[in-house]
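Next come the chains, spelled out residue by residue.
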Amino acid sequence: MTTPEKHILSKSTFIRGMQCEKSLYLYKNVIHLRDTPSPEQLAVFSRGNNVGVLAQQLFPNGIDASSNFKRNNVAAVANTQKLIETGVEVIYEASFQYNQVLVILDILVKCNNQWYAYEVKSSVKISNTYLLDVSLQHYVIEQSGLKLEDISLITVNPSYVKKGKLEVDKFFVITSVKQDALKNESIISEKLEKLKMVALNPSMPEVSIGEHCFSPYNCDFMGTCWKNVPINSVFEMGAVPKTLLFELYNSGIKTIDEVPEKNNLDKNANLHLQSKNKNEVVVNKEQLSKFLNQLSYPLYFMDFESFMPAVPIYDNTKPYQHIPFQYSIHVIKNKNEKAVELSFLGDEGIDPRKKFIERLIVDLDTQGSILVYDALMERNILNGLKKDFPEYTSQIESVLKRIVDLIQPFNERSYYDPKMKNLTSIKNVLPALVSDLHFNELKISSGSMAMIAYEKLQKETDMFKIAEVREHLLEYCRMDTFAMIKVFEVLKKAVDRD
Ligand code: SF4
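Rules used throughout
Residue positions within a chain follow its written sequence, with the count starting from 1. In keeping with the model being predicted, local features are shown solely for residues with a pLDDT of at least 70 and side-chain atom pairs are shown and tallied solely at 80 or more, while totals for entire chains, interfaces and linings include all residues. Excluding hydrogens and water, the side-chain figures rest on all heavy atoms present in the structure. Any residue with a heavy atom positioned within 4 Å of a molecule or strand is treated as near that molecule or strand. Classification convention: Asp, Glu, Lys, Arg as charged; Ala, Val, Leu, Ile, Met, Phe, Trp, Tyr, Cys, Pro as nonpolar; all other residues, Gly among them, as polar. Paired strands, in this sense, are two strands between which DSSP finds at least two bridges. Helix numbers and strand numbers start at the N terminus; a helix is a DSSP run of H or I with at least 4 residues, a strand a run of E with at least 2. Helix axes use the C-alpha atoms of the stretch in contact, all axes being lines fitted to C-alpha atoms, and the angles between their N-to-C directions lie in the range 0 to 180 degrees. In these notes the angle categories are as follows: under 35 degrees is roughly parallel, over 145 is roughly antiparallel, 65 to 115 is roughly perpendicular, and the rest is oblique. Helix crossings are classified by the rotation of the near helix relative to the far one: an anticlockwise turn of less than a right angle makes the crossing left-handed, while a clockwise turn makes it right-handed. The contact criterion used throughout is that any non-hydrogen atoms of two residues lie within 4.5 Å. Polar contacts, as used here, are pairs of N or O atoms within 3.5 Å; protein pairs need one atom able to donate a hydrogen and one able to accept it. Residues neighboring in sequence count only if both atoms are side-chain atoms.

Is there a simple way to explain the site of the ligand in this structure?
Close contacts around the ligand come from Cys20, Ser23, Ser208, His212, Cys213, Cys219, Phe221, Met222 and Cys225, and that covers them all. Classifying every residue of the shell around the ligand by side-chain character gives six nonpolar, three polar and no charged.

Written out as structure tokens, the structure reads:
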């Protein structure tokens, strides 16, 4: 094997450079310009680490080659080499370097005198980016002098159902990807040379913003590259293919006001342009009345929160299954009456599903419309609960029949406010219709934050911390259904207006 030296590229900088050479340059030269990662992105990193550690149980009693050399990759490479030479047969975080390119492999195993490499991903699917990642590892490991009999991806088995103790051998799926790695060898070697030059070059490559800013990952230098995109730009129009938006932008049509009347955009995007240019709310009273007239009191405004643990926590659940842990309901019994609040939040450490459905059935009673905003998730959860608790099938079916989706008038454009920016999610509709309700003042202000907070609670032991997080969760979910009432009131007013 070659003597370790300071690396120029690593696996992550290689993948970054494959997405955009400018991103690699910025990362290497002005890393402080990077956007701050969101709590959601941090949760994805932490999930990846946890699944990686769990996968080590597939090959127990290994030695971690890098743990003592976290900031010293040269030493980690030398240590890996030493472990191989001294006959260690299972090595975690095995570091290799070739031609100033560093890779850290999750698991390296020696079996019948041959070496097998394993890279762990917390996903259930194998993406092209993963194949590229493994191809790079295969290239560097072999070029550094270790012959690999095989290289595989370890991913999560989506069909695994937990029953009792987690069975790691069933939870994971191992897929050999050696053929892909061999096929990609020449691309890897060519790209490595190109990207090393980008990393070392004193001048920044000229790369315009484009669809590559979002694929395969949202670039973390958007705060830098997109800062000159004007307010009211064409990108403020949602639900339009990015290709079309970049076509407009690159042809010099940068703002919505500049989009010509004759264009390739669809009906909804054009409605947005017209209502934005006239600064006018569009209401189709007939269609909107039809939607509102189907509702019958009592009106239940309902919202669920769920979390999706990669590693199942409870028996009879699968990886990434939506586990409902909380709901909020605001019920208006009769016209002109005030809304009454009902809520449920599962206890930490206990499977919340059974209590959730039992309480929900009682709280929803048997009559009245149940309004949900974008009901797909709620319907899926109820159908899942029907399978998991067949004893409640008839009650769940009757709940499902009473659900009315409050997104409908927005999707069919019975009510359209240009501030919605051609998008109909509650995140766009609420600020457009009810400007005085602010979620960002809450400690937990989105479904994904609620999901992360509840998952963390499962292991929390500090009673004060638990009480505090529970209060924030209740506050957030309550706000969601309260917001739905506000949206509903705007729709009612629009119909009543002359
Ligand atoms: S924001 Fe886009 S152009 Fe800028 S570095 Fe990232 S991917 Fe490249």
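This is not the end of the story, as more comes after the structure.
Looking at this structure, how should I read the sheet that holds strand β12 (residues 370-372)?
Read across the sheet, five strands follow the order β11-β10-β9-β12-β13 without closing on themselves; strand pairing throughout is mixed. At either end of the open sheet lies a strand with only one pairing partner, and these are β11 (340-345) and β13 (403-405). Direction aside, neighbouring strands of the sheet carry axes that sit 25 degrees apart on average. Two elements, β12 and β13, share three bridges in a ladder whose sense is parallel. Across the sheet, the residue bridging to Val372 is Asp405, located in β13.

Just checking my understanding: could you explain unusual backbone geometry for this structure?
Trans is the prevailing form of peptide bonds, just as negative phi is the prevailing case for residues other than glycine. Residue Pro216 is reached from Ser215 by a cis peptide bond, and omega for that bond is 5 degrees. Its location among the elements puts Pro216 in the loop between α8 (185-200) and α9 (222-225). In the segment running from Tyr297 into Pro298, the intervening peptide bond is cis, with an omega of -5 degrees. Despite not being glycine, Ala239 shows a phi value in the positive range, around 55 degrees. Mapped onto the elements, Ala239 comes out in the loop between α9 and α10 (242-250).

I tried to follow the packing of helix α1 (residues 11-19) against helix α5 (residues 128-143) on my own but got confused; where do I start?
Close contact between α1 and α5 brings their axes to 10 Å; oriented N to C, the two are set at 130 degrees. With respect to each other, α1 and α5 are oriented oblique. Seen from above, α1 lies across α5 with right-handed handedness. For the pair α1 and α5, the contacting residues are Lys11, Phe14, Ile15 and Met18 in the first and Thr129, Leu132, Asp133, Leu136 and Gln137 in the second. The class makeup of the residues in the contact of α1 with α5 is five nonpolar, two polar and two charged.

What should I look at first to understand the side chain of Gln458 in this one?
Within the secondary structure, Gln458 is located in the loop between α18 (447-457) and α19 (463-496). Within the structure, Gln458 has its side chain in polar contact with the backbone oxygen of Tyr454 (distance 2.8 Å). The contact partners of Gln458, leaving out residues within four places of it in the chain, are Phe307, Ile313, Tyr314, Glu348, Gly349 and Ile350.

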